[in-house]
Amino acid sequence: MAAAAAALPSISSPTSSSSTTTTAFIHSSKTGARAYGPSFSNVRSYGTLKGRLPNSHKAIPGGIKILCAATKPAKSPAEEEWKVKRELLLQKKVRSVEVKEALRLQKENNFVILDVRPEAEFKKGHAPGAINVQIYRLIKEWTAWDIARPVDSKLGKDAKIIVACSAGGTMKPSQNLPQGQQSRSLIAAYLLVLNGYKNVFHLEGGLYTWFKEGLPAEAEEE
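Residues numbered from 1 in each chain as written. Predicted model: local features only at pLDDT ≥ 70, side-chain atom pairs only at ≥ 80, totals over all residues. Heavy atoms only, no water.

Draft legend 1. Structural detail: the nonpolar core. Counting residues in hydrophobic clusters, the biggest one holds 28 residues, and the most contacted among them are Leu89, Leu114 and Leu192. For this core, the elements supplying multiple residues, two or more each, are helix H2 (82–91), strand E8 (112–115), helix H5 (144–152), strand E10 (160–164) and helix H6 (184–194). Looking at this core element by element, the count peaks at eight residues for H6. The next biggest cluster of nonpolar side chains, apart from the first, holds 17 residues, and it includes Val99, Phe122, Ala127 and Leu207. (Core = buried A, V, L, I, M, F, W, Y, C linked by side-chain atoms within 4.5 Å. Buried < 20%, exposed > 50% of the residue type's maximum accessible area, 1.4 Å probe, protein only. Helix = DSSP H or I, 4+ residues; strand = E, 2+ residues; numbered from the N terminus.)

Draft legend 2. Molecular detail of the pattern of salt bridges. Applying the stated rule across the entire model yields seven salt bridges. Ionic pairing is found between arginine 117 and aspartate 115, a salt bridge with its closest N-O pair at 2.8 Å. Comparing arginine 117 with aspartate 115 shows no difference in burial state: the two are buried. Lysine 157 is the salt-bridge partner of aspartate 152, the closest N and O atoms lying 3.4 Å from each other. (Salt bridge = Lys/Arg side-chain N within 4 Å of Asp/Glu carboxyl O.)

Draft legend 3. Expanded view of the packing of aromatic side chains. For the structure shown, the criterion picks out one aromatic pair. Ring geometry for phenylalanine 111 versus phenylalanine 201: centroids 4.9 Å apart, planes at 75°, classification edge-to-face. Taken together, the residues span a long stretch of sequence, with phenylalanine 111 in the loop between helix H3 (99–108) and E8 and phenylalanine 201 in strand E11 (residues 199–203) at a distance of 90 residues. Neither residue differs from the other here; phenylalanine 111 and phenylalanine 201 are each classed as buried. (Phe/Tyr/Trp six-rings, centres within 6.5 Å; stacked < 30°, edge-to-face > 60°.)

Draft legend 4. Main features of the confidence of the model for the chain. Scored by pLDDT, the chain comes out at a mean of 74, with 59% of its residues at no less than 70. Contacts for the low-pLDDT stretch residues 2–60, under 50 throughout, to residues beyond four places or in other chains number 94 contacts. (pLDDT = per-residue confidence, 0-100. Contact = heavy atoms within 4.5 Å.)

Draft legend 5. Structural view of the environment of phenylalanine 111. Overall, phenylalanine 111 belongs to the buried group, its relative accessible area being 10%. Residues phenylalanine 111 and isoleucine 162, 51 residues apart in the sequence, show an inter-C-alpha distance of 6.8 Å. For phenylalanine 111, the contacting residues outside a window of four places in its chain are Leu105, Gln106, Lys160, Ile161, Ile162 and Phe201.

Draft legend 6. Broad picture of the environment of leucine 103. For leucine 103, the position within the fold is in helix H3. With a relative accessible area of 12%, leucine 103 lands in the buried category. Sequence-wise, leucine 103 and proline 128 are 25 residues apart; in three dimensions their C-alpha atoms are separated by 9.7 Å. Apart from residues lying up to four places away in sequence, leucine 103 is in contact with Trp210, Leu215 and Pro216.

Draft legend 7. Molecular detail of the sheet that holds strand E9 (residues 131–132). Taken in spatial order, the five strands of this open sheet run E7-E11-E10-E8-E9, and their pairing is parallel. Of all the strands in the sheet, the pair left with one neighbour each is strand E7 (95–97) and E9. For E8 and E9, the ladder comprises two bridges, and the chain directions are parallel. Bridging from a neighbouring strand, aspartate 115 pairs with asparagine 132 of E9. With respect to the sheet, H3 is in contact with E7, E8, E10 and E11, its orientation differing from that of E7 by roughly 100°. (Pairing = 2+ DSSP bridges. Axes fitted to C-alpha atoms, helices over the stretch in contact; angles between N-to-C directions.)

Draft legend 8. Here's a closer look at H3. All buried positions along H3 are accounted for by Val99, Ala102, Leu103, Leu105 and Gln106. Projected down its long axis, H3 carries its buried residues within an arc of 165°, all on one side. When the buried face of H3 is taken as reference, the exposed residues oriented beyond 90 degrees from it are Lys100, Lys107 and Glu108. For H3, the elements touching its buried residues are E7, E8, E10, E11 and helix H7 (206–212). Among the residues trailing H3, asparagine 110 stands out with phi positive, at a value near 60°. (Arc of directions from axis to C-beta.)

Draft legend 9. Structural detail: the side chain of serine 185. You can see serine 185 is positioned in helix H6. Overall, the relative accessible area of 0% leaves serine 185 in the buried class. Residues in contact with serine 185, not counting those within four places in the same chain, are Val116, Val163, Ala164, Cys165, Gly168 and His202.

Right, here's the structure in full:
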């Protein structure tokens, strides 16, 4: 493939002040050469390029084809579809635990409860010893590393974490929700797994159930 690419000329397109070269990856096969490159406004997908590109002063060899004439902007990790998030959580064996089991793990096995609710909600009431970091936020420009960075400053990658939010959500399928139900804590768990955390658990039923069952809680004075 490299030899085929080297044998074909580059595609250049002049601008008002200087000439620039358009990046294109060339693949040669029995059916002809194909170019994997940027969007060309006057060329349809999978169409054959003949003659000249718009505003180009360099002839294009016949038989070069554009694999895709346009691309969509990539989604940020937090914006990814729930189905994709759920599949990764299941693949990485992220386990959901009931509130009483979470309390036992916190007391006996040094698990940290990571509360991802907004700070105002956290201050009104939370599990004793919980850490509050809002890592579920949908910020397009942020990578999984950017979003999980506040956790990195407090916990190591080997930390045993139970991610909690108000409602909890679920990965369990049901008749009405065959993919379960997304939540802030499940989004956060997904981002932590993407960022290399190994021991991520999820609080089933959320802190709503924690408070409802009368488990220990504390609040911060305003």
